[in-house]
Amino acid sequence: MNKLNAVLAGGWLLAIGAFATLYIKFYNVTHTIVIHFDAIKGIDFLGTRGDAMRIGLLGLAFVVANTVLVKLFEHRERMLAWAIAGATLGIALLELLAAIVIVVNN
């Protein structure tokens, strides 16, 4: 496994971890949950279990799309492939942090 694939694998693991965190926590929840909380104004956005699942699915879709782009650019534009892979890893990490914050606030 080369380094570029390792970076992509890290992004996949983080995105799957975010989705799994949301799925496990909100599996049987039927009431509304806090999706966004602002320290100054308080609760900004309430949602359902489906809203939380869509956050995880959107992250997975982002990783899928970027994986395809990295594989397309891997041999033609190596620097662009590295930039996309790095951005995928960073954004997947932010998605996992957002999922953890949503779970902790509920």
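Above this text is the structure in question.
From a predicted model like this one, the values you see are computed outputs, not experimental measurements. (Residues numbered from 1 in each chain as written. Predicted model: local features only at pLDDT ≥ 70, side-chain atom pairs only at ≥ 80, totals over all residues. Heavy atoms only, no water.)

Got a sec to walk through the pairing of strand 1 (residues 33–38)? Specific residues and values, please.
Taken together, the 5 bridges between strand 1 and strand 2 (residues 42–47) define a ladder with antiparallel strand orientation. Pairing of His36 across the sheet is with Phe45, part of strand 2. (Pairing = 2+ DSSP bridges. Helix = DSSP H or I, 4+ residues; strand = E, 2+ residues; numbered from the N terminus.)

I'd like to hear about the environment of Ile100, residue by residue, with values.
Its place among the elements puts Ile100 in helix 3 (residues 78–105). Residue Ile100 is classed as partly exposed on the basis of its relative accessible area, which comes to 38%. Separated by 75 residues in the primary sequence, Ile100 and Lys25 have C-alpha atoms spaced 10.0 Å apart. (Buried < 20%, exposed > 50% of the residue type's maximum accessible area, 1.4 Å probe, protein only.)

Which residues make up the packing of helix 1 (residues 3–25) against helix 3, and what values go with them?
Contact pair helix 1 / helix 3: the axes reach a minimum separation of 8 Å and the direction vectors enclose 20°. Taken together, the axes of helix 1 and helix 3 lie roughly parallel to each other. Relative to helix 3, helix 1 is oriented so that their crossing is left-handed. Residues that form the contact of helix 1 with helix 3 fall into these classes: 17 nonpolar, 5 polar and 4 charged. (Axes fitted to C-alpha atoms, helices over the stretch in contact; angles between N-to-C directions. Parallel < 35°, antiparallel > 145°, perpendicular 65-115°, else oblique. Left-handed = near helix turned anticlockwise from the far one by under 90°. Nonpolar A, V, L, I, M, F, W, Y, C, P; charged D, E, K, R; others polar.)

Purely geometric stuff here, so don't read any function into it on its own.
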